[in-house]
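Here's the letter readout for the chains.
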Amino acid sequence: MKSTLKRTWAEIDLSALSYNYKKIREHIGDDVMFCGVVKADAYGHGAVMISECLQDLGADYLAVSSIDEAMELRFNGITMPILILGHTPREQVGRLICFNITQAVTCEAKAIEYSEEAVRYGGTLKVHIKVDTGMSRLGYICEGDYFEHGVEGICDACALPGLDAEGIFTHFAVADEDGDGYREYTDHQFKLFCDVVSSVEQKRGIDFKIKHCANTGATYSLPQTYLDMVRPGLLLYGYGEFARKLGLRPVMTMKTTVSTIKIYPPKTRISYGGIYVTDKQTRIGVIPYGYADGFLRCLSDKYEVYTSDGAARVCGRICMDMCMIDLTDKPGVGVGDEIEIFGKNNPIEKMADIAGTIPYEIVCAVSKRVHRVYLKDGEVIHSEVMLRM
Ligand SMILES: *Cc1c(COP(=O)(O)O)cnc(C)c1O
């Protein structure tokens, strides 16, 4: 196998991605469409490569957060449908139409803007109407007293010239939470969504082609919410409890190498602030992985990386470009040896727990100077780094 060694790199296992895709496909059944969420550079995995893979696998839709993310895919050979979940400035509507990108419509003001611009451009913008059923973020608010008004607003949007309302969707706020009350909240959101959809469909005498709401949590545990399409992100990349329960594989493994090793006497302060003091003769390794690479600084002095000889703890503060690890009882680990920060042997979920965050934030924090190395069947097929060179 070709060497993957770099300063610091993220191995992206496309075989794991296709495995996960196929497993999720089996789980949801053949009649449900699959929308792969590839916003935020496919959760740090590299949106172009991940989308190419999903396109080849036969996914039905991709979801991104902005027109820039959508255009990146279009410029790189992705021809399948793409939905922008977030805000697009009205000036960009012509480009949406020209590149056949679907836009979420999140409120009346945006619906009018999109319609006016589409008419001005002389085309039709494909849209999915967003319903706010309890996330309290984007979408037509339809809860309680707002129901009739929300339904009216959606009907009006569907009737606007220049817009083709292909779909309608909502987003669950607590479908991935565990505990009392969460299930009821999601059930309520789902019921409200279904009520809104049927009211609009009745009033307008049309059927939306694609109704969707299931994120990772619902894709795993709430089949009744699948409707026409599911929309998982994290699950696809193989992280979190639902991925574990489905037997999915983590797609990203973050690796670095040992750059320097030194032996310090007892009572030596290690790194900024001197918060770590050696209690004995200590063999310290420096690894070129710091918070500018995405190593959350709050993990300072708390985290263990994975060496060929097991876990090695981080000593003292994580610096911008590097950090120090204790290799005292690992004489076999030398300069140039590979270290796994998180991945197959060192689960990202554990890292997220220690940092008091979620796997989402950790993969999104992987910075642009970290090489992405793509593997298929254990072979390197592509490598890229997002620096201007
Ligand atoms: C991010 C996002 C998703 C995917 O969420 P996961 O928890 O990663 O499955 C689905 N829908 C919308 C609207 C989103 O913003």
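To start, this report covers the structure provided alongside it. Residue indices begin from 1 for each chain and proceed along its sequence in written order. With pLDDT at 70 or above as the cut-off, local features in this predicted model cover only qualifying residues; side-chain atom pairs require 80 or more to be listed or tallied, and sums for whole chains, interfaces and linings still use all residues. With hydrogens and water set aside, each side-chain value is computed from the structure's full complement of heavy atoms.

Okay, the overall build of the protein next. A count of helical and extended segments in the protein gives 13 helices and 21 strands. Oriented by its inertia axes, the alpha-carbon framework of the protein measures out at about 80 × 50 × 40 Å. Classification of residues uses two cut-offs on accessible area relative to the type maximum, computed with a 1.4 Å probe and protein chains only: under 20% is buried, over 50% is exposed, and between them is partly exposed. Considering the protein as a whole, with its 389 residues, one finds that 54% of them fall into the buried category. Residue contacts follow a heavy-atom distance rule, with two residues in contact if any of their heavy atoms lie within 4.5 Å. Counting only contacts in the protein whose residues sit at least 6 apart along the sequence, the fraction spanning at least 24 positions is 65%. For the protein, the computed accessible surface area is about 16900 Å², with 50% contributed by carbon and sulfur atoms. In this tally Asp and Glu are treated as negative and Lys and Arg as positive; neither His nor the chain ends contributes. One atom stands in for each charge, and that atom is NZ of Lys, CZ of Arg, CG of Asp or CD of Glu. Taking the average location of the 43 positive side-chain charges in the protein and that of its 53 negative ones, the two points are 7 Å from each other. Numbering goes from the N terminus for both helices and strands, where a helix is a DSSP run of H or I of at least four residues and a strand is a run of E of at least two. We get accessible surface area from the Shrake-Rupley algorithm with a probe of 1.4 Å; when it comes to residues, only the shown protein chains can shield them.

Another point: the site of the ligand. Proximity criterion: a residue is near a molecule or strand once any of its heavy atoms comes within 4 Å of it. Lining the immediate environment of the ligand, one finds 13 residues, of which Lys39, Tyr43, Thr216, Leu234 and Tyr360 sit closest. In this structure, His171 approaches the ligand through a side-chain N or O atom, which is 3.4 Å from a nitrogen atom. Burial of the ligand by the protein amounts to 92% of the accessible area it has alone, namely 390 Å². What qualifies as a polar contact is a pair of N or O atoms within 3.5 Å, subject to a donor-acceptor requirement within protein and to the restriction that residues adjacent in sequence count only when both atoms come from side chains.

Any Phe, Tyr or Trp ring, taking Trp's six-membered ring, that has another such ring centre within 6.5 Å forms a pair; planes under 30 degrees apart are called stacked, those over 60 apart edge-to-face, and the others tilted. Using the criterion set out here, one finds seven aromatic pairs in the structure. Between Tyr21 and Phe34, the ring centres sit 4.8 Å apart and the planes meet at 65°, which makes this aromatic pair edge-to-face. Pair noted here: Tyr21 is in helix H1 (residues 14-28) and Phe34 is in strand E2 (residues 33-37), with a separation of 13 residues, a long-range link. On the accessibility criterion, Tyr21 (3% relative accessible area) is buried. Among the residues examined, Phe34 registers a relative accessible area of 0% and is labelled buried. Here, a charge over a ring is recorded when the distance from Lys NZ or Arg CZ to the ring centre is within 6 Å and its angle to the ring normal is within 35 degrees. Lying over the aromatic face of Tyr19, Arg249 brings its terminal NZ or CZ to 3.7 Å of the ring centre.

Another aspect to go through is the pairing of strand E19 (residues 338-342). Counting buried residues along E19, four of its five residues qualify, which places the element largely inside the surrounding structure. With four bridges joining them, strand E11 (residues 252-257) and E19 adopt antiparallel strand pairing. Considered in E19, the bridge of Thr257 is made with Glu338. Note: two strands are recorded as paired if DSSP finds a minimum of 2 bridges between them.

The next subject is H1. Helices are assigned an expected span. That span is 1.5 Å times one less than the residue count. Helix length check: H1 (15 residues) gives 21 Å between terminal C-alpha atoms against 21 Å at 1.5 Å per residue, within 8%. Burial in H1 covers these residues: Leu14, Ser15, Ala16, Leu17, Ser18, Asn20, Tyr21, Ile24, Arg25 and Ile28. Put simply, Asp13 is the residue that caps the front of H1, since its side-chain oxygen is 3.0 Å from the backbone nitrogen of Ser15. Residue Gly29 follows H1 closely and has a positive phi angle near 90°.

This paragraph deals with the packing of helix H7 (residues 147-159) against helix H8 (residues 182-204). Only the stretch in contact is used when a helix axis is fitted, and all axes are lines through C-alpha atoms; the angle between N-to-C directions ranges over 0 to 180 degrees. In contact at an axis separation of 10 Å, H7 and H8 are set at 50° when each is read in the N-to-C sense. Classified by the interaxial angle, the pair formed by H7 and H8 is oblique. The interaxial crossing formed by H7 with H8 has right-handed handedness. For the pair formed by H7 and H8, the contact residues are Phe147, Glu148, Val151, Glu152, Ile154, Cys155, Cys158 and Ala159 on the first element and Leu192, Asp195, Val196, Ser199, Val200, Lys203 and Arg204 on the second. The residue classification treats Ala, Val, Leu, Ile, Met, Phe, Trp, Tyr, Cys and Pro as nonpolar and Asp, Glu, Lys and Arg as charged. All others, Gly included, are polar. Counted by class, the contact of H7 with H8 contains nine nonpolar, one polar and five charged residues. By the definition adopted for this analysis, an angle is roughly parallel if under 35 degrees, roughly antiparallel if over 145, roughly perpendicular if from 65 to 115, and oblique otherwise. Two helices crossing with the near one rotated counterclockwise from the far one by less than a right angle form a left-handed crossing, whereas a clockwise rotation gives a right-handed crossing.

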